[in-house]
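In case you want the letters, here they are:
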Amino acid sequence: MKNYDIVVFGATGFTGKYVARLLDELPAVQGYRIALAGRSEEKVRAVLQGLHHAADYGVIIADVSSEPSLVAMATQAVLVLNCVGPYRFFGEPVVKACLEGGAHYLDITGEPEFIERMEFKYNLAAKEKALVVVSACGFDSIPADIGTLFTVSQFPPNAVPTMIESYLTIQGGPRGVKGHYTTFECAVHGFGSQKALATLRKQRPAPPMNIPGPRPPRHAGLFFAKDVRKYCLPFPGSDAAIVRRTQQYYAAETAAGEKSLPVPVHFAAYFTLPSLFWSIVFIIFGGIFSLLAKFAVTRTILLKFPKLFTAGIFSHEGPTEDDIRQTSLTMTFVANGYRKQPAPDAIKPPLDCKIVTRITAPEPGYVATPIFLVATALCVLEERRDIPSGVLTTAAAFGRTSLIERLKASGIGFHVVRAAE
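Residues numbered from 1 in each chain as written. Predicted model: local features only at pLDDT ≥ 70, side-chain atom pairs only at ≥ 80, totals over all residues. Heavy atoms only, no water.

## What about the overall build of the protein?
- Per the secondary structure count, the protein includes 17 helices and 16 strands.
- Relative to its length of 421 residues, the protein is compact, with a C-alpha radius of gyration of 21 Å against a globular reference of 22 Å.
- Overall size of the protein, expressed as C-alpha extent along the three principal axes, is 65 × 50 × 40 Å.
- Counting all 421 residues of the protein, 52% fall into the buried class.
- Counting only carbon and sulfur atoms, one obtains 56% of the accessible surface of the protein, whose full area is about 19,100 Å².
- One way to put it: in the protein the 43 positive side-chain charges average out to a point 7 Å from where the 36 negative ones average out. (Helix = DSSP H or I, 4+ residues; strand = E, 2+ residues; numbered from the N terminus. Rg over C-alpha atoms; globule rule 2.2 N^0.38 Å. Buried < 20%, exposed > 50% of the residue type's maximum accessible area, 1.4 Å probe, protein only. Areas by Shrake-Rupley, 256 points an atom, 1.4 Å probe, with all protein chains shown as cover. Lys, Arg positive; Asp, Glu negative; His and termini not counted. Charge placed at Lys NZ, Arg CZ, Asp CG, Glu CD.)

In structure tokens:
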């Protein structure tokens with residue numbers, strides 16, 4: 001018998017505090033046994049002081065540098081929510097401890113190398129132990145992955161979706177969009193791990209997906225997207241990697257005989273910019289960031305001066321409550337396909353079925369991310385029979401659950417902008 005249903009590891013961190021606050025306020029989780037975990041009992045209890053149900057919460061002392069403490073934490077938990085990053089350095093010990101302690105695992109990372117390495121190393125063990133391990137259950141990459149699932153579901157029964165492009169827009173307040181240093185740190189090390197990611201992918205080649213129709217147009221740099229009427233750049237986060245892994249999962253499982261999964265689609269991810277001027281500014285800052293993130297010595301400089309290298313977006317202080325209230329996100333999905341399945345050997349006709357959908361959400365990092373994480377946690381606790389075991393993406397794990405309905409009930413909008421004609 002486990003002592004706790006949910007353990008929030010890293011509850012004293014910037015994002016972890018918001019996760020703890022949401023658990024405290026959300027009626028849907030009342031009655032669950034919850035504990036907050038961190039390496040400092042004093043800091044954990046300081047977080048508890050601001051919660052209404054503090055007397056009902058447990059306290060667990062655990063440190064990523066102490067494997068026994070992590071295993072002891074996981075042994076007490078049905079589900080661990082890991083909010084400790086950068087995950088490239090601190091994530092794997094928690095995943096290992098959860099597998100050893102028999103706990104399900106969710107996190108909010110957006111670091112593709114860590115995510116794919118965990119699948120490569122621990123997918124079989126998670127399946128054997130009937131455990132669920134899912135990364136990127138926050139802003140990275142619930143909107144993109146679940147939004148793609150939602151968009152595909154809007155196609156008529158006989159239609160075949162073939163490609164989807166997503167366009168992320170983040171609208172900030174008077175001070176612009178702001179983020180905490182840890183998010184920046186994760187991004188820096190994520191860019192720094194690109195060689196390791198490429199090496200890892202060579203060890204696990206993608207399965208053939210046999211998607212009819214063309215891939216989305218390839219945009220390596222700035223372009224103007226007519227569908228959203230904005231200048232855009234390729235999104236540098238984990239969205240594309242996560243969604244493609246989901247599509248590969250669909251293809252592999254379908255080839256193995258599973259008949260109830262969505263058809264795989266091509267996917268490309270972009271983000272929008274407010275004007276040509278800001279597009280040029282972003283390209284300059286982004287180019288400097290990408291160059292410096294490649295080398296260990298220059299990564300140290302990036303991490304020492306986050307405000308300088310991000311034009312004030314990221315800082316150790318993080319956003320204020322006003323910044324958070326005044327920020328929101330929109331992600332638009334433009335999907336194309338065929339009204340009817342083309343003949344396998346025929347020359348493919350022009351795409352003739354187009355659908356546009358949109359997800360709307362509050363501030364992505366510290367409001368929407370806790371909403372996404374807690375909603376996925378409730379799916380694990382209440383709909384376990386509908387979730388396969390293993391190390392999975394969010395759509396692969398939660399595609400058969402009520403996740404979208406849970407998100408709608410929590411204020412996340414799922415909209416059809418243009419239905420199939």
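## Overview of the packing of aromatic side chains
- If you walk through the whole model with that rule in mind, you get 17 aromatic pairs.
- Centroid distance Phe14 to Tyr18: 5.8 Å. Interplanar angle 55 degrees. Geometry classified as tilted. With Phe14 and Tyr18 both in helix α1 (residues 14-25) and 4 residues apart, this pair spans about one turn of that helix.
- Since its relative accessible area comes to 23%, Phe14 is described here as partly exposed.
- Considering the side-chain rings of Phe89 and Phe90, the 6.4 Å spacing of their centres and the 65 degrees angle between planes classify their relative orientation as edge-to-face.
- When its relative accessible area of 41% is taken as the criterion, Phe89 is described as partly exposed. (Phe/Tyr/Trp six-rings, centres within 6.5 Å; stacked < 30°, edge-to-face > 60°.)

## Concerning the side chain of Ser141
- Along the chain, Ser141 falls in the loop between β6 (132-134) and α7 (142-153).
- Residue Ser141 is classed as buried on the basis of its relative accessible area of 0%.
- For Ser141, the side chain forms a polar contact with the side chain of Ser238, separated by 2.9 Å.
- Setting aside residues up to four positions removed in sequence, Ser141 forms contacts with Ala136, Ile146, Ser238, Asp239, Ile242 and Thr394. (Polar contact = N/O pair within 3.5 Å; in protein donor to acceptor, adjacent residues only side chain to side chain. Contact = heavy atoms within 4.5 Å.)

## Quick notes on the pairing of strand β5 (residues 104-107)
- Side chains of β5 alternate between two faces, with His104 and Leu106 and Tyr105 and Asp107 buried alike.
- With 2 bridges joining them, β5 and β6 adopt parallel strand pairing. Of the residues in β6, the one forming a bridge with Tyr105 is Val133. (Pairing = 2+ DSSP bridges.)

## Digging into the layout of surface pockets
- Approximately 270 Å³ is the volume attributed to the second largest pocket.
- In terms of lining residues, the second largest pocket is bounded by 19 residues, among which Met209, Ala251, Thr254, Val263 and Pro264 are the most central.
- The element that contributes the greatest number of residues to the lining of the second largest pocket is helix α10 (residues 239-255), accounting for 4 residues.
- When grouped by side-chain class, the residues that make up the lining of the second largest pocket number 13 nonpolar, 4 polar and 2 charged. (1 Å grid on protein atoms, 1.4 Å probe; cavity = no way out; pocket = protein on both sides within 12 Å on 5 of 7 lines; lining within 4 Å. Points joined across faces, edges and corners; volume = space filled by probe spheres on them. Nonpolar A, V, L, I, M, F, W, Y, C, P; charged D, E, K, R; others polar.)

## Some details on helix α11 (residues 276-292)
- In this model α11 runs 24 Å from its N-terminal to its C-terminal C-alpha over 17 residues, within 8% of the 24 Å that 1.5 Å per residue would give.
- Taken together, the buried positions of α11 are Ser279, Val281, Phe289 and Leu292. Mapping the buried residues of α11 onto a view down its axis gives an arc of 160 degrees, with all of them on the same face.
- Those residues of α11 that are buried are in contact with α8 (181-192), β10 (230-234), β11 (266-273), α12 (296-304) and α13 (306-309). (Expected span 1.5 Å × (residues − 1). Arc of directions from axis to C-beta.)

## Quick notes on the nonpolar core
- With 107 residues, the main nonpolar core has Leu36, Met73 and Leu106 as its most contacted residues.
- In terms of residue count, helix α15 (residues 364-382) provides more of this core than any other element does, 10 residues in total.
- In this structure, Leu106 is in contact with Leu79, Val80, Leu81, Asn82, Val134, Cys137, Leu373, Thr376, Ala377, Val380 and Phe398, ignoring residues within four places of it in sequence. (Core = buried A, V, L, I, M, F, W, Y, C linked by side-chain atoms within 4.5 Å.)

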